[in-house]
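Here's the letter readout for the chains.
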Amino acid sequence: MSIRSFNPPVRTLLGPGPSDVHPRILEALARPTIGHLDPAFIALMDELKGLLQYAFQTENAMTMPVSAPGSAGMETCFVNLVEPGDKVIVCQNGVFGGRMKENVVRSGGVAVMVEDAWGEAIDANKLEAALSVNPDAKVVAMMHAETSTGAQSDIAALVKLAHAHDCLTIVDAVTSLGGTPVKVDEWEIDAIYSGSQKCLSCTPGLSPVSFNERALEKIRNRRSPVQSWFLDLNLVMGYWGTGAKRAYHHTAPINALYSLHEALLILQEEGLENAWARHRQHHLALKAGLEAMGLTFIVKESDRLPQLNAVSIPAGVDDAAVRGRLLKEYNLEIGAGLGALAGKVWRIGLMGHSSRAENILLCIGALESVLGAMGAGIKTGVALPAMQQALG
Ligand SMILES: Cc1ncc(COP(=O)(O)O)c(C=O)c1O
């Protein structure tokens, strides 16, 4: 068998991520590779930090991209902030809270789970109760945007509670950054991580993180060294720290960082508020079309993420067959359910560059056509007008 260059099919990515990558970002990725200590690259790193501070709405000096995907950003927060024996309260309302628990345990910590139903926001009263009976807790970990369900939680309120009980906070903003407000300084978040491939519409494989002084203080005063050499922030900062003195830590993913720089520049050019408003407007248009068809959302309106729409699969409809036809006939990817919601929901993402009017039109039209042909019992002929009216 002769192997040739790989040419992927051109898809429209309306799943839970990755999202469509803007052509400007792909073009940036293809620029010439330079050394990771080249002065020109150091200048790009400084700009990247500034652009990330804007995206996170923070002045935290320790704001940078981890050279690996969102899970590595998650792990960076846990391995640095959790010491063996530390009690960590994890608020779980979907799949990714479970991954946080794994991180606590593998860092030698003791996880106390505060569980909410999948599809609901994190309940501040339950967190308050857990904090009261666990006065020795050191950290509270919480999902801002739970990608497995499309629910968002009130991080400002949850962080306030955690701080009232002297706990540091770790926040997962993988799906929220760039699509819905994330205000690190105003909400007083201590440690936060995100991913490049969702509402930043960058190529996958990078994880922006930010740590405030309170979090850094804890890391500097650890009793034991961070068990991961690669993710130890004390070492990483030798490369990503400020000033001209930078030392080799690992070979940075040079071209991937060009692409993140371009993605963040696009976000800055659009303006965060405008990006949030675009995601919201397109969510409303998609919702109008889906609901007119007869599909229902699993998250109540007030807790819904605009960029991740989880809808129930109509009874008797073959989940995989629908997604397969959308991919084959329309080059359209939507997401399957994860964990307990596998086979029960579709997750339709309108993230970053994917959040465009033409994609909503394609999604509604293709879904109506496929579901109609399969005899799914949806209402036909009403979704597109409803969507167009909502778009204005
Ligand atoms: C909320 C959340 N946290 C963490 C991750 C892990 O990110 P990655 O797949 O980039 O490692 C994801 C990925 O979808 C996610 O949605």
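Our subject is the structure listed above.
A short tour of the structure in this document, coming up. Since the structure is predicted, the reported quantities are computational estimates derived from the model, not experimental observations. (Residues numbered from 1 in each chain as written. Predicted model: local features only at pLDDT ≥ 70, side-chain atom pairs only at ≥ 80, totals over all residues. Heavy atoms only, no water.)

Observations regarding the side chain of H144
Item 1. Considering the arrangement of structural elements, one finds H144 in the loop between β5 (137–143) and β6 (145–146).
Item 2. One polar contact links H144 to S176, side chain to side chain, over a distance of 2.8 Å.
Item 3. Aside from chain neighbours lying at most four places away, what touches H144 is A151, Q152, S153, I155, V171, D172, A173, S176, T180, P181, V182 and W187. (Helix = DSSP H or I, 4+ residues; strand = E, 2+ residues; numbered from the N terminus. Polar contact = N/O pair within 3.5 Å; in protein donor to acceptor, adjacent residues only side chain to side chain. Contact = heavy atoms within 4.5 Å.)

Looking at the packing of helix α3 (residues 70–81) against helix α4 (residues 95–106)
When two helices pack together, their arrangement is given by the angle between the helix axes and the distance between those axes.
Item 1. Packing of α3 against α4 brings their axes to within 10 Å, and their N-to-C directions diverge by 45°. For the element pair α3 / α4, the angle class is oblique. As for how α3 packs across α4, the hand of that crossing is right-handed. Residue-level inspection shows S71, M74, E75 and F78 of α3 in contact with α4, the latter providing F96, R99, M100, N103 and V104.
Item 2. Taken together, the residues of the contact of α3 with α4 sort by class into five nonpolar, two polar and two charged. (Axes fitted to C-alpha atoms, helices over the stretch in contact; angles between N-to-C directions. Parallel < 35°, antiparallel > 145°, perpendicular 65-115°, else oblique. Left-handed = near helix turned anticlockwise from the far one by under 90°. Nonpolar A, V, L, I, M, F, W, Y, C, P; charged D, E, K, R; others polar.)

Points about the environment of L81
Item 1. When you line up the elements, L81 lands in helix α3.
Item 2. C-alpha of L81 to C-alpha of T169: the two residues are 88 residues apart in sequence and 9.4 Å apart in space.
Item 3. Not counting the four nearest positions on each side in its chain, L81 is found in contact with D86, V139, L168, I170, A191, F211, A215, K218, I219 and R222.

As for the site of the ligand
Item 1. In the region of the ligand, 13 residues are neighbours, and S71, T147, D172, Q197 and K198 sit closest.
Item 2. A distance of 2.4 Å separates an oxygen atom of the ligand from a polar side-chain atom of T147.
Item 3. Taking D172, its side chain carries an N or O atom lying 2.7 Å from a nitrogen atom of the ligand.
Item 4. A total of 390 Å² of accessible area belongs to the ligand in isolation, and the protein chains cover 86% of it.
Item 5. Across the shell around the ligand, the residue classes break down as five nonpolar, five polar and three charged. (Near = heavy atom within 4 Å. Areas by Shrake-Rupley, 256 points an atom, 1.4 Å probe, with all protein chains shown as cover.)

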